[in-house]
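Spelled out, the chains give:
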Amino acid sequence: MAKEIELKVEGKINRLTNETFKFDDRVGDGWYSAVYFLKTREIAKKYKEDKVVTMQFFQRDHAVLCGIDEAIALLQTFAVAPESLEVYALQDGDHITPFETVLTIKGAYHQFGFLEGVIDGILARRTSVATNVYKVVTAAENKRVIFMGDRDDHFSNQVGDGYAAFIGGMSAQATHAMNEWWGDKGLGTMPHALIQLFDGDIVEASRAYLETFPHDDLIALTDYNNDVIVDSIKVGKAFGKRLKGVRIDTARTMIDKYFIRNEEILGDFDPRGVNIHLVKALREALDNEGLNHVQIVVSGGFTPERVKEFEEAGAPVDVYGVGGSLLKVNIGFTGDNVLLDGKHAAKKGRKLNPNPRLELVNL
């Protein structure tokens, strides 16, 4: 990023414990470790069991760190005699800079060295998601952002990704699994499938929703018929103050009927999908009908850049729903052995990089 990230997650959360994580027992057998680490473990046990290495982990970007608690729990669970290791670490949620050391582990190589790649992968995915979320939340200028990434990756990633999104500043998430590690519940109202069941009648679908979930906020999905403004006004008139908001999720290949009815307003902008002109027209129409209280939720292909574009144009969005763009793993971590028996012994180009921010961890 062009400028350093200033962490907006308030304070520090307590470290998660190894009881939080449901590790596959095969991690300890090396099932998920690169084979050359396993071979090195066997050689170290046979010839260099008394040699003590110091391994440090870093990455190359400005980022919001996540995955530290998970890495520590991994060591507690699968390292040999973990209580004898000396571990220093930053905390999940810390703002980190390029090449800053985030974790060091000191001990005999055969105790933990085979976990190097697994730890790299944990830190890479969790930090990538946390940082991606942070960028979106920052671009949204503190408006509410909902994590809707359940359909964009394998379901087994939801728990850890949801925690990383929370660390990055996400205010709500789509599934219960995404909230598992930080103790909340999933949030959501209606998909297109619900409206389909009522033959495209948004009013009847919304009525059924309210009768079934009377204590929920009603946020109606109004792009099913590709007529966002007309259907938003319909549901607004039907439910008045009961209607909390409308969500538009128009496909990027579609042009809403509003533009087809008003061809004269078409100009040098792309009218497809959820766009700034459509959102502004929707806000104006709602306000003209006395529905000023109704919030506008947008979703569908939003990235930090697109959110920033909407905000800079003054698009009257109240809530952004963001999914796939948050799950890109674009931050890679490296673990290096930099000391051997307390003396410099790193490969060329690497050396011990002390970090006074590291805290001693009791395993």
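Basis of the calculations
- Residue indices begin from 1 for each chain and proceed along its sequence in written order.
- The predicted nature of this model means local features are confined to residues of pLDDT at least 70 and side-chain atom pairs, given and counted, to a pLDDT of 80 or more, with totals for whole chains, interfaces and linings taken over all residues.
- Based on all heavy atoms of the structure, the side-chain values leave hydrogens and waters out of the count.
- For each residue, the accessible area found with a 1.4 Å probe, counting protein chains only, is set against the maximum for its type, and the residue is called buried under 20%, exposed over 50%, and partly exposed in between.
- Numbered from the N terminus, helices here are DSSP runs of H or I no shorter than four residues, and strands are runs of E no shorter than two.
- Following DSSP output, two strands are said to pair if at least two bridges run between them.
- With strands facing away from the observer, any crossover in which the path from the first strand over the helix to the second runs clockwise is taken as right-handed.
- To get an axis, fit a line to the C-alpha atoms, keeping to the stretch in contact for a helix; angles then go from 0 to 180 degrees between the N-to-C directions.
- Orientation labels follow simple angle bins: below 35 degrees gives roughly parallel, above 145 gives roughly antiparallel, 65 to 115 gives roughly perpendicular, and whatever is left gives oblique.
- The contact definition used throughout considers only heavy atoms, calling two residues in contact when any of these lie within 4.5 Å.
- Under the convention adopted here, Pro, Cys and the residues Ala, Val, Leu, Ile, Met, Phe, Trp and Tyr are nonpolar, Asp, Glu, Lys and Arg are charged, and Gly plus all remaining residues are polar.
- In a left-handed crossing the near helix is turned counterclockwise from the far helix by less than a right angle, and in a right-handed crossing that turn is clockwise.
- Each reported salt bridge corresponds to a side-chain nitrogen of Lys or Arg within 4 Å of a carboxyl oxygen of Asp or Glu.

Chemist: An account of the pairing of strand β10 (residues 295-299) is requested, with residue identities and associated values reported.
Modeler: Where burial is concerned, most of β10 is hidden: four out of the five residues are buried. By the bridge criterion, four bridges tie strand β9 (residues 243-248) to β10 in an arrangement that is parallel. Considered in β10, the bridge of I248 is made with V298. As defined by bridge partners, β10 adjoins strand β11 (residues 319-322) across three bridges and the pair is classed as parallel. Bridge pairing in β11 places S299 opposite G321. Tracing the backbone out of β10, into helix α11 (residues 304-312) and back to the parallel element β11 gives a crossover that is right-handed.

Chemist: Go over the packing of helix α4 (residues 116-139) against α11 with me, naming the residues and quoting the values.
Modeler: The geometry of α4 relative to α11 is characterised by a closest axis approach of 8 Å and an angle of 5° between their N-to-C directions. Classified by the angle between their axes, α4 and α11 sit roughly parallel to one another. Residue-level contacts link N132, K135, V136 and A139 of α4 to P304, V307, K308 and E311 of α11. When grouped by side-chain class, the residues that make up the contact of α4 with α11 number four nonpolar, one polar and three charged.

Chemist: How would you summarise the packing of α4 against helix α5 (residues 158-168) if you had to cite specific residues and measurements?
Modeler: How two helices sit against one another is set out by the angle between their axes and by the gap between those axes. Running from amino to carboxyl end, α4 crosses α5 at an angle of 45°, the nearest separation of the two axes being 7 Å. Comparing their axes, α5 and α4 come out oblique. Regarding α4 and α5, the two cross each other, and that crossing is right-handed. For the pair α4 and α5, the contacting residues are R125, R126, V129, A130, V133, Y134 and V137 in the first and G160, D161, A164, A165, I167 and G168 in the second. The class makeup of the residues in the contact of α4 with α5 is eight nonpolar, two polar and three charged.

Chemist: Any chance you could break down the sheet that holds strand β1 (residues 52-58) for me, citing the residues and the numbers?
Modeler: Ordered by their spatial adjacency, six strands build an open sheet running β13-β12-β1-β5-β3-β14, and the pairing between neighbours is antiparallel. Because the sheet does not close on itself, it has two edges, and the strands there are β13 (343-344) and β14 (359-361). Here three bridges tie strand β3 (residues 86-89) to β14, and the two strands are oriented antiparallel to one another. In the strand pairing of β14, A89 is matched with E359. Each of β3, β5 (103-108) and β14 is contacted by helix α2 (residues 68-78), which is oriented at about 170° to β3, the strand it contacts most. Here α4 sits on the sheet in contact with β1, β5 and β12 (334-340), set at roughly 20° to β1.

Chemist: Quick rundown of the pattern of salt bridges? Include the residues and the values.
Modeler: Within the structure shown, the criterion is met by 18 salt bridges. As a salt-bridge pair, D161 and R125 come within 2.9 Å of each other at their nearest N and O atoms. Within this pair, whereas D161 is found in helix α5, its partner R125 is found in helix α4, the two being separated by 36 residues in sequence. We note that D161, like R125, is buried. Connected through shared salt-bridge partners, E70, R125, R126, D153 and D161 make up one network.

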